[in-house]
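So the chains spell out like this:
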Amino acid sequence: MKYLNYVLLSLLSVTAQSWATENVANTPSVIQLKAADLRPTQPSIGDQQVNYKIASYVLSPKKLYADYCEDNGAEGVESFTEKSSLLDLNSFKCLAPYGSKVKDLKTAVIGPDKQYYLTDGHHLVSMLNKVSGGDTPVFIRITDDKSAMGSMKEFWDFLAENNLTWLKDAHFKPVDYQSLPQTVSAESLQNDQYRSIMYFLRDVSYKKPKSTNIPFFEFYIAEWLNKKVPVDSLKLDTREDYYDSLQKVANAMISAPADEVVVELDGKKYTASDFGVFTAINKKELNKLIDQRGKLTVVFSAGQ
Amino acid sequence: MKINKYNLVLIFCFSSQVANANDDFTYSSNLTDGFGVSAYQSSIALKGRLQYDVVNFKDYSAASQDTPFKDSTNGIVRRGNIGVEGNLVNILPYEVRLAYDRKDRSWDVDRAWAGFTGWQFADFYFGRDKFGFGLEGATSSSWALAAERPIMYDLTSGRDDIDYGYAVKTSGSNYSIGLQAAKLKYDSGDKNINDNFGYYGRLTYVPVLSANQILHLGFSYHDANPDKNDTKIATRLETRTRNDDKLRFADVSNTTKDDEAIIELGYQYESLRLQSEYFYRTVKGADIETKTKKGVTTTTIDEQNVRLDGGYLQVSYLFDSSRRYSVAEGKWGKPNKFNTFEPFYRFEYSSIKPNKAASKKQLNNNVDGVNAVDRDDRFVVKSSVLGVNYFYNENLSFNVSYIHSHISNIDTSKSIDDKSVKNSNDTLVARAQFIF
């Protein structure tokens, strides 16, 4: 009987934790917008990340619909045909209703100008713009409605205070929010090479901890690495050069002490360890990048 | 604390809390993603494979059947493996695997190795592993094109099981280099074994590599570094049966030289894949016989040598998909997409030229009566393999291969149990493969 009590207590503990997690979060508001409706809160994206995604969709159209469904909170793709189009949501079917997997959705904040400011998902929206244009539907979770705020400056201060904006250019120099473009696309946003490098180095030299709530995670880690290996010193024009550069950056990354501070946010110091930086390169994952269907091979094959 | 089912539940609850607390912890427990756990830059995964063959064969491979050379059918477990593999702190990869031995109906450790990958310039491995010798030889037997590898891999020894060895590997964006020193694995009853370390090397280069197109060039070399051991030259003609008939061309005693090389060429454009390899092997030794008669000892030395060469050309088409290629390992592997068919054809040519002293008198390992027309002449084996693979998914695939072989220099005027000796072989193999 004593043991049974332990069991019941343990089960209760697990259940209570799950309940708390569900209810602490704000009730989200999910809306359907068009890609063109969204405005950026950062000046740049990693073009090569977007290019890779698009190239991989050419090789595997199913992946396009699978990713689209997942990124729009609909779990995955159930069916599609050659005639399917992202512009027509009835032309393919996802496994779940759009927006039902709230955690998977990209986020935005409504500004005083009644515009939707994207706080997460610039690469996705840029990709959608490129693949099927500004009319592509996208499901977004609105985290805050600041339409009642008095001014745009007040709004951007709110975003900055809550780490919801990244106002640095591709060389990590501060920029003003007024210089941001009006659309979220690869054409309007700058190309941040380091941001792409961080995409390719996922699971190679770092792994974003699941529970992390550090916003613009890859930008912070990129800025930290840029001090060790400046982006201008990297050759990134060919598959071979890019691979060499990735190794160089990955080595710089793993060589850093685990307690080295990457960024200080709201008075809290986040270390390399907090950013999931490995102590050694995962060569298996590194080698995957250059395989025939590896990310680097695919992105540099595109357009050939 | 007494361990009972309640404690087990407690442990489970506790472990689920640990899993929640440490978000590095991931696990999978399904056929699609495999069965494994990873945490703290380390991983362990359970791997397994079962290949079951139904083999219909006649002529040469049926020489030792109750009715020699008669059309026969066997069902065999071709391969059965189970093991674990993974990595510790990203720099210490390892694998331990048990393989089913259908002859002894026992399990044997056929993989037990660990490595160090912490340096950028090269990776180091120690233990029992297979060296990726040749292009089709490097390809996992789970994803080799036909049911069996080409006959040239019977006629070379670079893929033979090793007892243990040391390997160094490195690779770049379009090349791979592998070097190994290893001792061969022998059965406990084997005599006159090679106890020396043999030397292995492989270089691959990929001058063309894109998502749709690959050109692979490679060179493999193996020096067995003989130890005055026995060397056997034989092939199963891509036919695995319960009796395990082999075609033995030559035995070399007191081997002093045994080296071989393979030139590899492969090209893939989308679904179409062309592949060819050429091999060359030289074995030298001597049959030394010492006799004492009336107090006088005489020694006769018959020099033995075997020269082998040949290769194959194969073409395959993987509908609506293509084979994955690994630059670091210089080999093709599983399809990029499943639920697809892959028809293929392979033509093989092998020339085996033993001198008379090396040539076997009885060519079949199970029965007497299969002899050469001229023991000082060369044997030529020509084979055609026609087949199709069906890859249902990552776990389940099927293969049907028809193999026809013709061997020259076999004396067909002889007979076994009144059945004329055959100089050809016909085999139909149907395989079901389950891996996870």
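Residues numbered from 1 in each chain as written. Chains lettered and ligands numbered in written order. Predicted model: local features only at pLDDT ≥ 70, side-chain atom pairs only at ≥ 80, totals over all residues.

Participant: Help me get a handle on the overall build of chain A, residues and values and all.
Facilitator: What chain A contains, in helices and strands, is 10 helices and 11 strands. On C-alpha atoms alone, chain A measures out to a radius of gyration of 21 Å, which is about the 19 Å that the 2.2 N^0.38 rule sets for 304 residues. Along the first, second and third principal axes, the C-alpha atoms of chain A reach 60 × 50 × 45 Å. Counting across all 304 residues of chain A, residues that qualify as buried make up 39%. The contacts in chain A between residues at least 6 apart in sequence include a share of 70% that link residues at least 24 apart. (Helix = DSSP H or I, 4+ residues; strand = E, 2+ residues; numbered from the N terminus. Rg over C-alpha atoms; globule rule 2.2 N^0.38 Å. Buried ≥ 20, exposed ≤ 12 C-beta atoms within 10 Å, placed from the backbone. Contact = placed C-beta atoms within 7 Å.)

Participant: Which residues make up the overall build of chain B, and what are the values?
Facilitator: Scanning chain B for helices and strands turns up 3 helices and 24 strands. Here chain B has a C-alpha radius of gyration of 24 Å; the compact-globule value for 436 residues is 22 Å, and the two agree. Expressed as lengths along the three principal axes of its C-alpha atoms, the size of chain B is roughly 85 × 55 × 55 Å. Classification of the 436 residues of chain B by burial places 38% in the buried group. Of the contacts made within chain B by residues no fewer than 6 positions apart, 64% connect residues no fewer than 24 positions apart.

Participant: Let's hear about the packing of helix α6 (residues 193–200) of chain A against helix α7 (residues 217–228) of chain A: which residues, and what values?
Facilitator: Residues and elements named next belong to chain A. Closest axis-to-axis distance for the α6/α7 pair is 9 Å, and the angle between their directions is 110 degrees. The angle between α6 and α7 falls in the class roughly perpendicular. Where α6 approaches α7, its residues Tyr-194, Arg-195, Ile-197, Met-198 and Tyr-199 are matched on the opposing element by Glu-218, Phe-219, Ile-221, Ala-222, Leu-225 and Asn-226. Split into classes, the residues belonging to the contact of α6 with α7 amount to 8 nonpolar, 1 polar and 2 charged. (Axes fitted to C-alpha atoms, helices over the stretch in contact; angles between N-to-C directions. Parallel < 35°, antiparallel > 145°, perpendicular 65-115°, else oblique. Nonpolar A, V, L, I, M, F, W, Y, C, P; charged D, E, K, R; others polar.)

Participant: How would you sum up the domain arrangement of chain A? Please name residues and give values.
Facilitator: Residue and element names in this part refer to chain A. What the domain assignment reports for chain A is domain 1 (26–190) and domain 2 (192–304). For domain 1 and domain 2, the distance between their C-alpha centres works out to 22 Å. Taken together, the elements giving at least two residues each to the side of domain 1 that touches domain 2 come down to β3 (44–45) and α2 (47–59). Looking at the side of domain 1 that touches domain 2 element by element, the count peaks at 8 residues for α2. (Domains from an automatic or database assignment.)

Participant: Provide a residue-level description of the packing of α2(A) against helix α4 (residues 122–132) of chain A, including the pertinent values.
Facilitator: All names here are of chain A. The contact between α2 and α4 brings their axes to 9 Å, and the two run at 50 degrees. Looking at the two axes, α2 sits oblique to α4. Seen along the crossing, α2 lies across α4 with a hand that is right-handed. Here Gln-49, Val-50, Lys-53, Ile-54 and Tyr-57 of α2 come into contact with α4, specifically with His-123, Ser-126, Met-127, Lys-130 and Val-131. The residue makeup of the contact of α2 with α4, split by class, is 5 nonpolar, 3 polar and 2 charged. (Left-handed = near helix turned anticlockwise from the far one by under 90°.)

Participant: Now, about helix α8 (residues 239–255) of chain A: what can you tell me, with residues and values included?
Facilitator: Residue and element names in this part refer to chain A. Its 17 residues place the ends of α8 24 Å apart at the C-alpha level, agreeing with the 24 Å of an ideal helix rising 1.5 Å per residue. Within α8, burial applies to Arg-239, Tyr-242, Tyr-243, Ser-245, Leu-246, Val-249, Ala-250 and Met-253. Down the axis of α8, the buried set is contained in an arc of 165 degrees. They therefore lie on one face. In this fold, the buried residues of α8 make contact with α6, α7, α9 (283–289) and α10 (295–301). (Expected span 1.5 Å × (residues − 1). Arc of directions from axis to C-beta.)

Participant: So, the confidence of the model for chain B: which residues are in play, and what are the values?
Facilitator: Residues and elements named next belong to chain B. Residues of chain B with pLDDT of at least 70 account for 95%, and the chain-wide mean is 93. Within the model, the stretch residues 1–22 combines pLDDT values under 50 with 15 contacts to residues more than four positions away or in other chains. The ipTM assigned to the predicted complex is 0.84, against a pTM of 0.89. (pLDDT = per-residue confidence, 0-100.)

Participant: Tell me about the nonpolar core, and please be specific about residues and values.
Facilitator: In terms of nonpolar packing, the biggest core is built from 43 residues, with A:Ile197, A:Leu201, A:Ile221, A:Leu246 and A:Leu296 touching the most fellow members. Put simply, the parts of the chain that give this core at least two residues each are α6, α7, α8, α9 and α10 of chain A together with β10 (198–209) of chain B. Setting aside chain neighbours within four positions, we find A:Ile221 in contact with A:Met198, A:Tyr206, A:Val262 and A:Phe275. With 39 residues, the next largest nonpolar core counts B:Leu237, B:Phe279, B:Leu308 and B:Ala358 among its residues. (Core = buried A, V, L, I, M, F, W, Y, C linked by C-beta atoms within 7 Å.)

Participant: Describe the environment of B:Asp377, with residues and values.
Facilitator: All names here are of chain B. Mapped onto the secondary structure, Asp-377 falls in the loop between β19 (340–354) and β20 (379–391). A tally of 14 C-beta atoms within 10 Å means that Asp-377 is categorised as partly exposed. The sequence separation of Asp-377 and Pro-93 amounts to 284 residues, and the corresponding C-alpha distance is 49 Å.

Participant: Summarise the pairing of strand β18 (residues 331–335) of chain B; cite the residues concerned and give the values.
Facilitator: Sheet topology note: the strand β17 (residues 323–326) of chain B/β18(B) ladder contains 3 bridges and is antiparallel. Bridging across to β18(B), B:Ser326 finds its partner in B:Lys331. (Pairing = 2+ DSSP bridges.)

Participant: Give a detailed account of the environment of B:Lys331, specifying residues and quantitative values.
Facilitator: Residue and element names in this part refer to chain B. As for its position among the elements, Lys-331 is in strand β18. For the pair formed by Lys-331 and Gly-137, sequence separation is 194 residues and the distance between their alpha carbons is 9.0 Å. If we skip the residues at most four places from it in the chain, Lys-331 touches Gly-132, Leu-135, Ala-138, Thr-139 and Ser-326.

Participant: Explain helix α3 (residues 61–71) of chain A to me, using residue names and the numbers behind them.
Facilitator: Those residues of α3(A) not exposed but buried are A:Leu64, A:Tyr65, A:Ala66, A:Tyr68, A:Cys69 and A:Asp71. Packing partners of the buried residues in α3(A) comprise α2, β4 (77–80), β5 (92–94), β6 (106–110) and α4 of chain A.

Participant: Please provide a residue-by-residue account of the sheet that holds strand β2 (residues 38–39) of chain A, values included.
Facilitator: Residues and elements named next belong to chain A. A sheet is described by the order of its strands in space; here 5 strands give the open sequence β1-β8-β6-β7-β2, paired in mixed fashion. The open sheet has two free edges, formed respectively by β1 (29–34) and β2, since each of these has just one partner strand. In terms of strand pairing, β6 meets strand β8 (residues 137–145) through 5 bridges, oriented parallel. Its bridge partner being in β8, Thr-107 is matched across the sheet by Arg-141.

Participant: So what about unusual backbone geometry? Which residues, and what values?
Facilitator: All names here are of chain B. Positive phi is not limited to glycine here, since Asp-244 has a value of about 60 degrees. Within the secondary structure, Asp-244 sits in the loop between β12 (231–235) and β13 (247–252). The backbone of Asn-409 sits at a positive phi, close to 70 degrees, despite the residue not being glycine. Within the secondary structure, Asn-409 is located in the loop between β21 (396–407) and β22 (415–416).

Participant: Requested: an account of the pairing of strand β7 (residues 123–128) of chain B, with residues and values cited.
Facilitator: Residue and element names in this part refer to chain B. One ladder, built from 5 bridges, connects strand β6 (residues 106–116) with β7; its direction is antiparallel. Its bridge partner lying in β7, Ala-112 is registered against Arg-128. Here β6 folds back onto β7, and the loop between the two strands holds 6 residues. Judged from the 5 bridges that link them, β7 and strand β8 (residues 162–171) form a sheet pairing that is antiparallel.

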